[in-house]
Each structure stands twice: as structure tokens, then as C-alpha cells.
Amino acid sequence: PVGSARDFESFVRFCESNVAKFVVASSSQAFFRRLFRDFPVLHGGFSRMLRALDNGDQINTTTDGSKIDSGEASAGWLFWMNESSGNEEDDAASDDADVDDSMVGRVCLLCGTILADGRYTDNTSFRAEAMGKLTVTILLQCLYEFIGRRPTIPTLHTCDNQGLVKRVNNIWDNNRFHT
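Values in this document were obtained by computation on a predicted structure and should not be read as measured data.

Chemist: It is not clear to me how the overall build of the protein should be interpreted in this structure. Could you clarify?
Modeler: From N to C terminus, the protein includes 6 helices and 4 strands. Across the protein, helices and strands are ordered from the amino to the carboxyl terminus as α-α-α-β-β-α-β-α-β-α. When each of the 179 residues of the protein is scored for burial, the buried share is 37%. The contacts in the protein between residues at least 6 apart in sequence include a share of 73% that link residues at least 24 apart. In the structure as shown, the protein presents an accessible area of about 9,800 Å², 52% of it carried by carbon and sulfur atoms.

Chemist: Even after reading the chapter, I still don't get the state of the cysteines, so can you show me in this structure?
Modeler: Covalent bonding between the sulfur atoms of two cysteines defines a disulfide. Per the stated rule, a full pass over the model turns up 0 disulfides. A disulfide-free cysteine, Cys 15 has its sulfur positioned 4.1 Å from the sulfur of Cys 142, the nearest such atom. Here Cys 15 falls in the buried class, since its relative accessible area comes to 3%. Left without a disulfide partner, Cys 108 is nearest to the cysteine sulfur of Cys 111, which lies 3.7 Å away. Note on Cys 108: relative accessible area 17%, which makes it buried.

Chemist: What am I meant to see in the side chain of Asn 18 here?
Modeler: On the secondary structure map, Asn 18 appears in helix α1 (residues 8-18). A polar atom in the side chain of Asn 18 sits 2.8 Å from the backbone oxygen of Phe 14.

Chemist: It is not clear to me how the packing of helix α3 (residues 46-55) against helix α5 (residues 125-147) should be interpreted in this structure. Could you clarify?
Modeler: Packed helices, taken two at a time, are described by the angle between their axes plus the distance between the axes. Where α3 meets α5, the closest approach of the two axes is 11 Å, and the angle between their N-to-C directions is 75°. As the angle between them shows, α3 and α5 are arranged roughly perpendicular. Across the interface between the two elements, Phe 46, Met 49, Leu 50, Leu 53 and Asp 54 from α3 touch Leu 143, Tyr 144, Phe 146 and Ile 147 from α5. Residues of the contact of α3 with α5, tallied by class, amount to 8 nonpolar, no polar and 1 charged.

Chemist: Which parts of the structure should I look at to understand the pattern of salt bridges?
Modeler: As enumerated under the stated definition, the model contains 3 salt bridges in all. We note a salt bridge from Glu 145 to Lys 21, for which the minimum N-O separation is 2.8 Å. Note that Glu 145 is positioned in helix α5 and Lys 21 in the loop between α1 and α2 (25-36), a separation of 124 residues in sequence. For Glu 145, a relative accessible area of 27% gives the class partly exposed. Put simply, Arg 149 and Asp 54 hold a salt bridge, and the shortest N to O gap is 3.4 Å. Of the two residues, Arg 149 sits in the loop between α5 and β4 (156-158) while Asp 54 sits in helix α3, which places them 95 residues apart along the sequence. Classification of Asp 54 by relative accessible area gives partly exposed; the value is 25%. Residues joined in a network through salt bridges with shared partners are Arg 6, Asp 54 and Arg 149.

Chemist: Is there a simple way to think about the pairing of strand β3 (residues 106-115) in this case?
Modeler: For a regular strand, the rule is simple: side chains alternate between the two faces of the sheet. The buried count for β3 comes to 7 of 10 residues, which makes it a mostly enclosed element. Two elements, strand β2 (residues 73-82) and β3, share 9 bridges in a ladder whose sense is antiparallel. Its bridge partner being in β3, Leu 78 is matched across the sheet by Cys 111.

The rules behind each value
Residues numbered from 1 in each chain as written. Predicted model: local features only at pLDDT ≥ 70, side-chain atom pairs only at ≥ 80, totals over all residues. Heavy atoms only, no water. Helix = DSSP H or I, 4+ residues; strand = E, 2+ residues; numbered from the N terminus. Buried < 20%, exposed > 50% of the residue type's maximum accessible area, 1.4 Å probe, protein only. Contact = heavy atoms within 4.5 Å. Areas by Shrake-Rupley, 256 points an atom, 1.4 Å probe, with all protein chains shown as cover. Disulfide = S-S within 2.5 Å. Polar contact = N/O pair within 3.5 Å; in protein donor to acceptor, adjacent residues only side chain to side chain. Axes fitted to C-alpha atoms, helices over the stretch in contact; angles between N-to-C directions. Parallel < 35°, antiparallel > 145°, perpendicular 65-115°, else oblique. Nonpolar A, V, L, I, M, F, W, Y, C, P; charged D, E, K, R; others polar. Salt bridge = Lys/Arg side-chain N within 4 Å of Asp/Glu carboxyl O. Pairing = 2+ DSSP bridges.

Such coordinate-based values are descriptive only and should not be taken to indicate function.
Okay, structure coming up:
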């Protein structure tokens, strides 16, 4: 991490200085602004997520992208985990206002919205969904680098765009790419 800090603001600074590893350098700051500045990121479960990654607990991501009539497209992205981890500290109700602990069995750890790249005429639901999937993959890699760890178990990624699922699975089958 940046120094020894493990708070969300330190993570945002870490991402800003490292996003060029994942996005073309000329686009990295625009991507960062879209990710963290265009819409608020709800991060009340951030500390809980870092503990889960440290402990090797299962983390899940979900994305959903869409295009609206104006031609803009965006994707919502979400990191979540099953509520009962066996750790009393993690299972306690969150004091943070932006964490919904009322869902039985699941808790939101980190979530946000990102606008899709491209001209309005080129934006599609597929492009928006792919932007969300790319976003959670980049964030997941940044999270592991931030805490100085490597993944010990797979992360379950879900989305509802069958075309994207097929394309990602094809890449997986051909390259054995791991996130």
C-alpha cells in the first residue's frame, strides 16, 4: 500500500498512480476520473474487503451495463461477498451508511458506476457491460497489489450479457487467463 495506510483514500491514490499499467497511458487519467470522480463510489465495506482478501475469502463481482436513449452508456460494478464468513468482526453489522447489511447472506463491499468510452453512435449494451467487466478486473488487480498479495482463490465474476460471457469464456479457453 501507499505507506502503510489501508484506507479507501490511500487505495484511490494507489490506483491513480498505477492505472497506466492496465490502460493505455494517454487514456489512464481519463479512465481514473471516470472511475472515481464522475460518480461517487460507495466504499463502506472496503476494510472488510481487504480483510477478506488477506484471509483468502471468496470475493465476487457483478456488473451490468446499458445504453440510454441519449446515446450514453454506463456500467454499474459491485464487489460483494457472502455475509457469514465465520469471523465475528466481519459478520458484525457495518457502521458505514453506504453498506447494506440487511441482505440475507450477502454484503456489498465496494460499488460504483462508470461511463463507457466511445462515440454515442458506437455505444452499445455490450460495450457498457464490457467496460464494467474490465473495470472490476483492473480494480481487483489493484486491490491485490495494494495489499501486496496474490490471489489464492478464484473470484466469481457475473454479468447478464451472454455475448460478453461467451467472448470471455473463449478467451479463457484459448489463453487460460486468470484473474
